[in-house]
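One-letter residues, chain by chain:
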Amino acid sequence: MLSGQQPQKHYGITSSISLAFPREIDRLYTQKLIEAMKPFGVFEDEDELNHRLAVLGKLNSFVKEWISEISETKNLPPSAVMNVGGKIFTFGSYRLGVHTKGADIDALCVAPRHVERSDFFSSFFEKLKQHDEIRDLRAVEDAFVPVIKFKFDGIEIDLLFARLALQSIPDNLDLRGDSLLRNLDIRCIRSLNGCRVTDEILHLVPDKENFRLTLRAIKLWAKSRGIYSNMLGFLGGVSWAMLVARTCQLYPNAVAATLVHKFFLVFSKWEWPNPVLLKQPEDSNLNLPVWDPRVNPSDRYHLMPIITPAYPQQNSTYNVSTSTRTIMSEEFKYGLTITDEILQGKADWSKLFEPPNFFQKYKHYIVLTASASTEENHLEWVGLVESKIRVLVGNLERNEYITLAHVNPQSFPWSKENRNENEFVSMWFIGINFKKLENADCVNIDLTYDIQSFTDTVYRQASNINMLKDGMTIEATHVKKKQLHQYLPAELVLGDLNRSSSGGGSKRCSLDGSQLDSSRDTDSGTPFSSPTPVCKPCNSVSTPEESTIPTVVGRNIIPRMSPPDLPNGLNGAAPKRPHSPSLEEPPKKLKDTEQVSVTELINSCFKTGCDIDKFPKVHLLMEFYAPLTML
């Protein structure tokens, strides 16, 4: 070390990989990266930023006024009321400085010890109601992390509440101190966790601006590549932030262009399930549960642990499955290849943000549809179904003849032509890879139990929380790639729609041409049938129905699914599938409008003299595994 030179500050749990300072070419590539991200709406202008600050300032004033008012009702002396304080803290993407245009703000209301949670959800809720600038006000008091949601002058805000064991809340309060957690209830600890983790991440990175720009790029890449969703088993915002923060620790002097490349270099070679840690975990002797595989056997089964740096340390990626980890690992490697090309001058940054063609990637898909009879019921129903999709993915992964189940985080509406006027339907698509078996010309794989246990789980939870209403149904259908055009526009299936989109990463097109917001987070094993070799031709996957599914020349037909034992006479009729005008109609002697079983269909063909293999509509149903609904 040269005389007088200060030693480099140490970041993270290991020494840095490189302390190299950026070259002029690195700064040039960083500027090109910024220009490539601008069309995607990842940067707000000055007016929008000031508007957010003004809204948060007003909200902070509301909180102080409310806490003073509630303090008076609790008979605090006037001197105490004047100094009782109260404060709004932000966390998430806004606090990290990486929010996009139109993004919501995650905030926390911190109150002193004499203010109860019930006061927050009653008197403060009523106070918000009185302001004309506040719209769409709703409280979710029984959530895992209770929240009040609203729009304040056009900005969506999710507001949590925490009551500290303090007489007053000063404006300079730092939430990073572990002693603040002492004697708090678990809901307050959960509410504080977001702020504490966000602040700790910012404290642990060498250069906040380089970190922020790198994180913007990685989040845009992850959303573009369809791997941004904690709920569906990929990574959420805080997990991506911690991976970027670790990269910054390893290359503390690098600029964003270099850090993006190093991000892919580090995590394409990371040996999971070794955890990603930003600091050594500390024990604060508060007896709170923390992530520790030495103590907690369940922690040993986490596949891709990324550990939050604030006490109590938790794994932010417990939803990751074998499939989603495989998909993300492949994307890390692909990102490394692309950034290698970019830094060699062989490609532009825009190539990194090109979406994959999910609908050409697999030969087999499961189409999951959730339908309801009203828009309000549909929004509620879709939220529940989406939160449980990883249960279905887990069930499929446990089937020994499935090697990968890849869910596309984007949901799609059914086009207006293919649904009833009073029917609201959302679809998700899961790509399936089946194991290649030697010495087996054909295998009949039974997914009946895998799918039925998923639907049972959804209906059971909906019933338990009194959400289930008439018209709410789920349907899962196995289709081949060549049948996807029955569900989606041809240009979307072929990938042209995504490729031709000019920026606008925060929006996507629906089937009816409207815009959709794309910013939109363990069950026991299930038995399955052993595969049975059958004669050619065979492409067979069985899925659930209420009775045993028969096999027809090695083929099975996927039936509709109904909720089990629905209360109050709710029916489980599934929405009709899109009808292809090219299909010929069945013979007159077969009923056109009656739902029939495969056995009944065969018997009817025998009686009428028709050849079932030459029967166009039935043949298509068997080959493509569409549900046998209305023949």
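By the naming in an unreviewed UniProt entry, the protein chain is polynucleotide adenylyltransferase, taken from Astyanax mexicanus. Check the Sequence similarities (unreviewed entry) section of the UniProt entry for the protein chain; it says "Belongs to the poly(A) polymerase family."

The next subject is the overall build of the protein chain. Looking only at helices and strands, the protein chain has 17 helices and 15 strands in total. Residue burial in the protein chain is summarised as follows: out of 631 residues, 52% are buried. Carbon and sulfur atoms form 49% of the exposed surface of the protein chain, whose accessible area is close to 29900 Å².

Next up on the list: the sheet that holds strand β1 (residues 87-91). Pairing is mixed in the open sheet, where 5 strands are placed in the order β1-β2-β5-β4-β3. Pairing within the sheet leaves two strands with one partner each, and these edge strands are β1 and β3 (134-140). Recorded for the sheet is a direction-independent mean angle of 25 degrees between the axes of neighbouring strands. Along the sheet, helix α2 (residues 46-73) makes contact with β1, β2 (105-111), β3, β4 (147-152) and β5 (155-163), crossing β1 at roughly 140 degrees. This element, helix α6 (residues 186-204), spans β1, β2 and β5 of the sheet and lies at about 120 degrees to β5.

Here E69 is to be found in helix α2. For E69, a relative accessible area of 41% translates into the label partly exposed. Spatially, the C-alpha atoms of E69 and S123 are 9.7 Å apart, while their sequence positions differ by 54 residues.

The next point concerns the packing of aromatic side chains. Applying the stated criterion across every chain yields a total of 30 aromatic pairs. Measuring from centroid to centroid gives 5.3 Å for F358 and F359, while their planes differ by 85 degrees, and the two rings are edge-to-face. Given a relative accessible area of 4%, F359 falls into the buried group. Judged by centre distance (6.0 Å) and plane angle (85 degrees), the ring pair of Y362 and Y365 falls under edge-to-face. Given a relative accessible area of 3%, Y362 falls into the buried group.

Burial analysis of strand β9 (residues 424-434) places 9 of its 11 residues in the buried class, which makes it a mostly covered element. Sheet topology places strand β6 (residues 364-372) next to β9; 9 bridges connect them, and they run antiparallel. Within the sheet, the bridge partner assigned to T369 lies in β9 and is M427. When strand β7 (residues 402-407) meets β9, the two strands line up antiparallel, connected through 5 bridges. Opposite V407, over in β9, you have I430 as the bridge partner. Where strand β8 (residues 412-413) meets β9, 2 bridges bridge the pair, whose relative direction is antiparallel. Along β9, the bridge assignment pairs P413 with S426.

Quick look at the nonpolar core now. F211, W221, W240 and W381 are the most contacted members of the largest nonpolar core, which has 113 residues in total. Per element, the largest residue contribution to this core is 9 residues, and it comes from helix α12 (residues 375-397). Other than its neighbours up to four places away in sequence, W240 contacts L215, I218, W221, A222, I227, Y228, L235, F263, M328 and F332. Of all hydrophobic cores here, the second largest spans 29 residues; its members include C109, F124, F152 and L159.

With that out of the way, let us pick up the pairing of strand β11 (residues 473-480). With respect to burial, β11 is a largely interior element, 8 of its 8 residues being buried. Both faces of β11 are covered, namely the face carrying T473, E475, T477 and V479 and the face carrying I474, A476, H478 and K480. When β6 meets β11, the two strands line up antiparallel, connected through 8 bridges. In the strand pairing of β11, Y365 is matched with V479.

The rules behind the values
Residues numbered from 1 in each chain as written. Predicted model: local features only at pLDDT ≥ 70, side-chain atom pairs only at ≥ 80, totals over all residues. Heavy atoms only, no water. UniProt positions renumbered as here; feature names shortened; annotations may be inferred. Helix = DSSP H or I, 4+ residues; strand = E, 2+ residues; numbered from the N terminus. Buried < 20%, exposed > 50% of the residue type's maximum accessible area, 1.4 Å probe, protein only. Areas by Shrake-Rupley, 256 points an atom, 1.4 Å probe, with all protein chains shown as cover. Pairing = 2+ DSSP bridges. Axes fitted to C-alpha atoms, helices over the stretch in contact; angles between N-to-C directions. Contact = heavy atoms within 4.5 Å. Phe/Tyr/Trp six-rings, centres within 6.5 Å; stacked < 30°, edge-to-face > 60°. Core = buried A, V, L, I, M, F, W, Y, C linked by side-chain atoms within 4.5 Å.

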